[in-house]
Amino acid sequence: MSEGVATFEAPLTQGFGYGIILGLGFAFALLMIFITWALKRYQNEVQTSEMFSTAGRSVKSGLVAAAVVSSWTWAATLLQSSAVAYNYGISGPFYYASGATVQILLFATIAIELKRRAPNAHTFLEVIRARYGTTVHVVFIVFCLMTNVLVTAMLLTGGSAVMTSLTGVPTAAACFLLPIGVVLYTLFGGIKATFITDYMHTVVILVVIFLFAFSAYATNAELGSPGKVYDALVAAAKAHPVEGNAEGSYLTMRSKEGGIFWIINLIGNFGTVFLDNGYYNKAIAASPVHAFPGYVIGGLCWFAIPWLCATTMGISALALEGSQRMSSGDVTAGLVLPFAAVRLLGYSGAVATTLMIFMAVTSAFSAQLIAVSSIVTYDIYQAYIDPAAKGKRLVWVSHMACIVYAIIMAGFATGLYYAGIGMGYLYLLMGVIISSAVFPGAMTLLWKGQNWIAAAASPPLGLAVSLIAWLVTAKKEYGTLTVETTGSNYPMLAGNVAALLSPVIFVPIFTFVFGSQNYDYESMRAIRKVDDTDVAAAAHIDLELVPGEGTGPSATESEEETRKLNRAAFYSRSLTIFMTLALMILWPIPMYGSSYVFSKKFFTGWVVVGIIWLFCTLFGVVLFPLYEGRASIVRVVRMMSLDLMGRKPTVYRAHKADGAQASGIATPAEKIGEEDKGALEASA
Ligand SMILES: NC(N)=O
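Rules behind the numbers
Residues numbered from 1 in each chain as written. Predicted model: local features only at pLDDT ≥ 70, side-chain atom pairs only at ≥ 80, totals over all residues. Heavy atoms only, no water. Helix = DSSP H or I, 4+ residues; strand = E, 2+ residues; numbered from the N terminus. Buried < 20%, exposed > 50% of the residue type's maximum accessible area, 1.4 Å probe, protein only. Contact = heavy atoms within 4.5 Å. Areas by Shrake-Rupley, 256 points an atom, 1.4 Å probe, with all protein chains shown as cover. Core = buried A, V, L, I, M, F, W, Y, C linked by side-chain atoms within 4.5 Å. Salt bridge = Lys/Arg side-chain N within 4 Å of Asp/Glu carboxyl O. Axes fitted to C-alpha atoms, helices over the stretch in contact; angles between N-to-C directions. Left-handed = near helix turned anticlockwise from the far one by under 90°. Nonpolar A, V, L, I, M, F, W, Y, C, P; charged D, E, K, R; others polar. pLDDT = per-residue confidence, 0-100. Patch = residues over 30% accessible without salt bridge, like charges linked within 9 Å, V, L, I, M, F, W, Y side chains within 5 Å. Polar contact = N/O pair within 3.5 Å; in protein donor to acceptor, adjacent residues only side chain to side chain. Parallel < 35°, antiparallel > 145°, perpendicular 65-115°, else oblique. Phe/Tyr/Trp six-rings, centres within 6.5 Å; stacked < 30°, edge-to-face > 60°. Expected span 1.5 Å × (residues − 1). Bend = angle between axes of the 7 residues up to and from the residue.

Here's the deal with the overall build of the protein chain
Across its full length, the protein chain carries 27 helices and two strands. Relative to its full complement of 684 residues, the protein chain shows a buried share of 61%. Excluding contacts between residues fewer than 6 apart, the proportion of contacts in the protein chain whose partners are at least 24 apart in sequence is 84%. For the protein chain, the exposed area adds up to about 24300 Å²; of that, 67% sits on carbon and sulfur atoms.

Structural data, given as structure tokens:
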């Protein structure tokens, strides 16, 4: 390493690294076995194929929000956001957070449409197939799988780079070992159980961000207050002013490169939300009226995670690095956050970072596994290989898909590492590769006129245009195509913009040329659930008792449901338009346009808002789900107590008319015998 470049020795031992990767992985697998057993015993939740992929379509908004937050919190959310803070200053965290929140808010609208138009679907791709048939289905399978591959590759490249830098575990070993625990616990738990472990992962991530923020802004010996951090940033800008930033300052939203990153970020994340089956899975798993609030709460809560994390860690790295700057390779690999953590908190910072990144990687990875396995199961196996397959066979296929996908991705991420491609590069690239399918995909649910040829041809044509725009810009700007030149902001900007916008031209042209479809959405409504009788029989449980497997709502209940969904659709559109305007225009544009450089007071206020917002996140995705699920929690605990006392409670499914929620599926209530009631009262 040349002089002036910061390096840091791995502060933790390899043993610690392997302990976290394998030990925690297995611990979660054991926990999952217990949760799955408890859900089956006390909630009748047998792991049918419907339960594995849809959680019985009964999850409430708090848990949906927590799951959205945890699966949208990638390694990049913590690492890449800190990298852009390090590169562009205070604007980077905002551009990262806002550029990836609006898609979740907008997705709430898509979630409502999906629930309204295809209430029995398992995947978004099933919906595509129902509307357009095989050709478009195959095109979208390819784009959706490319999305999962890119996201998983970012998780593994980012996660393994951090493990190597902090513990010395070889990167290739980390790529292969990180998936083991998560595959195990996803296999045991399916989507419902991963909702529960995701929740725990989110708690750990939030606690660690608070730890970092309080250290940097309150307790650290060198920093310890927003004022001192501010002074350090002013000094850093004097030593190395930021090209393209107002006054070269790190303390301004007027950042040319930050702005370019914002657009790239926005476009890429449209792809990774709208084409990641995982987000449709969560909408499908939500009870119908909970899908919308779940996504809105999830999106708003998520915003604070990259915003405060990067406003703390990217900024602390700048404030604490002294004259030794980080190499651009290390920044792209995602090492700004671990670097700052070690400078801020030494050994404990390294431990906290290792834990946090492990949690972020595994919870997002499990969502990717469920997404890919449901595509393989329902869109490939059941659609084209064995349409008559029943539940047991489909569960087996789901499990195999998880295992095979994890092995392939471990190999792929290792290959990327040896090719010198890090998480930061993939993050900028993702939109170039996938975003041409966003517009035709969304129009499938939103526009009845879209012609099937437009839906089939626009994504590959858009991909061709985006690849050309990306590579030609790199060649023109730098004269050569290398990882460094193709990974720069301008080529990535050209490729991303071409990917998202070219289909906006192709789709209307093809639809005009080949004729408008005037689709009536009936084939989407006709999608049916899987026959899980064999799995329920093997578990000796009446299929009707398994959540999501009943005969469905009565006509009156359906009408009530539709009325609620229509009302939710209205609120969803109004709120998402307002929040999108706020995050995209009202807040950032005046600050960008005025070239304002933060005063010390303003910076302090900015940090305080970040901390308060993270407290709101804590409330929204940690306390609210507990409050919402209190009846089930109390019931399960009571039933466990009965079990421990040797009195087995009988369980029955509450009928909706019993006063349970009119929408979605009510949680089962237990029927306690008089004798058991007495025992309970006695023990109370
Ligand atoms: N999920 C993201 N884009 O951090």
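From this point, the discussion proceeds with the structure in view.
Observations regarding the environment of valine 432
Inspection of the secondary structure assignment puts valine 432 in helix 16 (residues 423-434). Classification of valine 432 by relative accessible area gives buried; the value is 0%. Along the backbone, valine 432 and threonine 123 are 309 residues apart, and their C-alpha atoms lie at a distance of 24 Å. Sequence-distant contacts of valine 432, defined by excluding residues within four places in its chain, comprise Leu463, Ser466, Leu467, Trp470, Met492, Gly495, Asn496 and Ala499.

Re the nonpolar core
In terms of nonpolar packing, the biggest core is built from 198 residues, with Trp74, Leu78, Phe107, Ile209, Phe274, Tyr295 and Phe603 touching the most fellow members. Those residues in contact with phenylalanine 603 that lie beyond four places of it in its chain are Ile90, Tyr217, Pro226, Val229, Tyr230, Leu233, Leu251 and Phe598. Listed in part, the five residues of the second largest apolar core include Tyr378, Tyr381, Ala389 and Val397.

Quick look at the side chain of serine 71
Structurally, serine 71 can be placed in helix 3 (residues 61-72). Judged by its relative accessible area of 2%, serine 71 is buried. Setting aside residues up to four positions removed in sequence, serine 71 forms contacts with Tyr279, Lys282, Ala364 and Ala367.

Focus: unusual backbone geometry
Of note, glutamate 247 is a non-glycine position whose phi angle comes to about 55 degrees, a positive value. By secondary structure assignment, the location of glutamate 247 is in the loop between helix 9 (226-239) and helix 10 (256-274). With relative accessibility at 70%, the residue glutamate 247 sits in the exposed group. Even without a glycine there, the phi angle at asparagine 518 is positive, about 50 degrees. Following the sequence through the fold, asparagine 518 ends up in the loop between helix 20 (489-514) and helix 21 (522-525).

A closer look at the pattern of salt bridges
In total, this model carries three salt bridges according to the counting rule given. Salt-bridge contacts for aspartate 231 lead to lysine 600; the nearest nitrogen and oxygen are separated by 3.1 Å. You can see aspartate 231 sitting in helix 9 and its partner lysine 600 sitting in helix 25 (residues 600-628), a full 369 residues away along the chain. The shortest N-O distance in the salt bridge between glutamate 522 and arginine 525 comes to 3.4 Å. Of this pair, glutamate 522 and arginine 525 both sit in helix 21, separated by three residues, roughly a single helical turn. Overall, glutamate 522 belongs to the partly exposed group, its relative accessible area being 44%. A relative accessible area of 33% means that arginine 525 is categorised as partly exposed.

Concerning the packing of helix 4 (residues 75-88) against helix 5 (residues 91-117)
The N-to-C vectors of helix 4 and helix 5 enclose an angle of 145 degrees; their axes lie 7 Å apart at closest approach. Classified by chirality, the crossing of helix 5 by helix 4 is right-handed. Contact residues: Ala76, Thr77, Gln80, Ser81, Val84, Ala85 and Tyr88 in helix 4; Ser91, Gly92, Pro93 and Tyr96 in helix 5. Class assignment for the residues of the contact of helix 4 with helix 5 results in six nonpolar, five polar and no charged.

Describing the confidence of the model for the protein chain
Residues of the protein chain with pLDDT of at least 70 account for 86%, and the chain-wide mean is 86. The ipTM assigned to the predicted complex is 0.99, against a pTM of 0.87.

A closer look at a nonpolar patch on the surface
On the surface, Trp396, Met400, Ile403, Val404, Ile407 and Ile408 cluster together into a nonpolar patch covering about 550 Å² of accessible area. Looking at valine 404, the relative accessible area reads 46%, which means it is partly exposed.

Observations regarding the environment of threonine 272
Relative to the elements of secondary structure, threonine 272 occurs in helix 10. Spatially, the C-alpha atom of threonine 272 lies 23 Å from that of glycine 420, the residues being 148 residues apart in sequence. Residue contacts for threonine 272: discarding those within four places in its chain leaves Trp72, Trp74, Thr147, Val151, Tyr279, Met430 and Ile434. Side chain to side chain, threonine 272 and asparagine 269 meet in a polar contact 3.2 Å long.

Comments concerning the packing of helix 5 against helix 11 (residues 277-285)
It is the contact of helix 5 with helix 11, at a shortest axis distance of 10 Å, that shows an interaxial angle of 55 degrees. On the basis of the axis angle, helix 5 is oblique to helix 11. With respect to the hand of their crossing, helix 5 and helix 11 are arranged in right-handed fashion. Between helix 5 and helix 11, the contacting residues are Ile104, Phe107, Ile110, Ala111, Leu114 and Lys115 on the first element and Tyr279, Tyr280, Ala283 and Ile284 on the second. Of the residues assigned to the contact of helix 5 with helix 11, the class counts are nine nonpolar, no polar and one charged.

Looking at the packing of aromatic side chains
Taken as a whole and judged by the stated rule, the model has 42 aromatic pairs. Pairing phenylalanine 303 with tryptophan 587 gives two aromatic rings, centres 5.9 Å apart and planes at 40 degrees, and the pair type is tilted. Placement of phenylalanine 303 in helix 12 (residues 288-320) and of tryptophan 587 in the loop between helix 23 (555-586) and helix 24 (588-593) is noted, with a sequence separation of 284 residues between them. Phenylalanine 303 gets classed as buried once you look at its relative accessible area, which sits at 1%.

Some details on helix 17 (residues 438-446)
Residues spaced three or four apart along an α-helix point in a common direction, a consequence of the helix completing one turn every 3.6 residues. Judged by how many residues are buried, helix 17 sits mostly within the fold: seven of nine residues are covered. Along helix 17, the residues classified as buried are Val438, Pro440, Gly441, Ala442, Met443, Thr444 and Leu445.

What to know about helix 20
When the terminal C-alpha atoms of helix 20 are compared, their 37 Å separation across 26 residues agrees well with the 38 Å that a helix rising 1.5 Å per residue should span. The sharpest bend along helix 20 measures roughly 30 degrees and falls at alanine 499, with the proline proline 503 sitting one to four residues further on. The first or second residue beyond helix 20 is glycine 515, which carries a positive phi of 100 degrees.

Some points on the side chain of asparagine 269
When you line up the elements, asparagine 269 lands in helix 10. Polar contacts involving the side chain of asparagine 269 include one to the side chain of tyrosine 427, which spans 3.1 Å. In contact with asparagine 269, not counting residues within four places along its chain, are Trp72, Trp74, Gly99, Ala100, Gln103, Tyr427 and Met430.

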